[in-house]
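# Topology and contacts: notes
What follows is each chain in one-letter form.
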Amino acid sequence: MKQQAAFKHLLHHFRATKGIVKQTFSVNSTSLYEGDNHAYELALARCVGALDCLYWQAMGNGLVNLGKGIRRYTHKLKAHVQVDYL
């Protein structure tokens, strides 16, 4: 029962972070970052950091499949964004 609660909790945070990433890429929010590329990169770096933290929490709780999904999403995000320091 304890592991199921941890899975639901981590899955909730993973989905919320994915929503923030989608919002960062959306057409409406690009005007927020227009002319300020640093703020855009900072928002993405924050999301990547949160996803990395969720990955290690999932692996620490024995949720290997969730961890693999988070890592796969993070790698695809890094490949799509192509920011050097991510």
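Quick note: structure is the one above.
Described in the following lines is the structure provided in the data block. Bear in mind that the values here come from a model prediction, so they are computed numbers and not experimental data.

Before going further, it helps to spend a moment on the packing of aromatic side chains. According to the stated counting rule, one finds 2 aromatic pairs in the structure shown. Taking the centre distance of 5.9 Å and the plane angle of 85° together, the rings of F14 and Y73 count as edge-to-face. Pair noted here: F14 is in helix α1 (residues 2–25) and Y73 is in helix α4 (residues 64–81), with a separation of 59 residues, a long-range link. A single burial state applies to F14 and to Y73, both of which are buried. A ring pair is formed by Y55 and W56, whose centres lie 5.0 Å apart and whose planes are at 75°; its orientation type is edge-to-face. Looking at W56, the relative accessible area reads 53%, which means it is exposed. One residue, K18, lies across the ring of Y73, its end atom 5.4 Å from the ring centre.

This paragraph deals with α4. Between the first and last C-alpha of α4 there are 26 Å, a value that for 18 residues agrees with the 26 Å anticipated at 1.5 Å per step. Regarding α4, the residues found buried are L66, G67, G69, I70, Y73, T74, L77 and V81. Projected onto a plane normal to the axis of α4, the buried residues spread over an arc of 160° and lie on a single side. Along α4, the residues that are exposed and aim more than 90 degrees away from the buried face are N65, K68 and K76. Downstream of α4 by one or two residues, Q82 has phi in the positive range, about 55°.

Relative to the assigned elements, T74 resides in helix α4. For T74, a relative accessible area of 3% puts it in the buried group. Reaching out from T74, the side chain makes a polar contact with the backbone oxygen of I70 at a distance of 2.8 Å. Residues in contact with T74, not counting those within four places in the same chain, are V48 and L51.

Conventions used here
- Residues numbered from 1 in each chain as written.
- Predicted model: local features only at pLDDT ≥ 70, side-chain atom pairs only at ≥ 80, totals over all residues.
- Heavy atoms only, no water.
- Phe/Tyr/Trp six-rings, centres within 6.5 Å; stacked < 30°, edge-to-face > 60°.
- Helix = DSSP H or I, 4+ residues; strand = E, 2+ residues; numbered from the N terminus.
- Buried < 20%, exposed > 50% of the residue type's maximum accessible area, 1.4 Å probe, protein only.
- Lys NZ or Arg CZ within 6 Å of the ring centre and 35° of its normal.
- Expected span 1.5 Å × (residues − 1).
- Arc of directions from axis to C-beta.
- Polar contact = N/O pair within 3.5 Å; in protein donor to acceptor, adjacent residues only side chain to side chain.
- Contact = heavy atoms within 4.5 Å.

It is worth stressing that arrangement in space is one thing and function is another; only the former is reported here.
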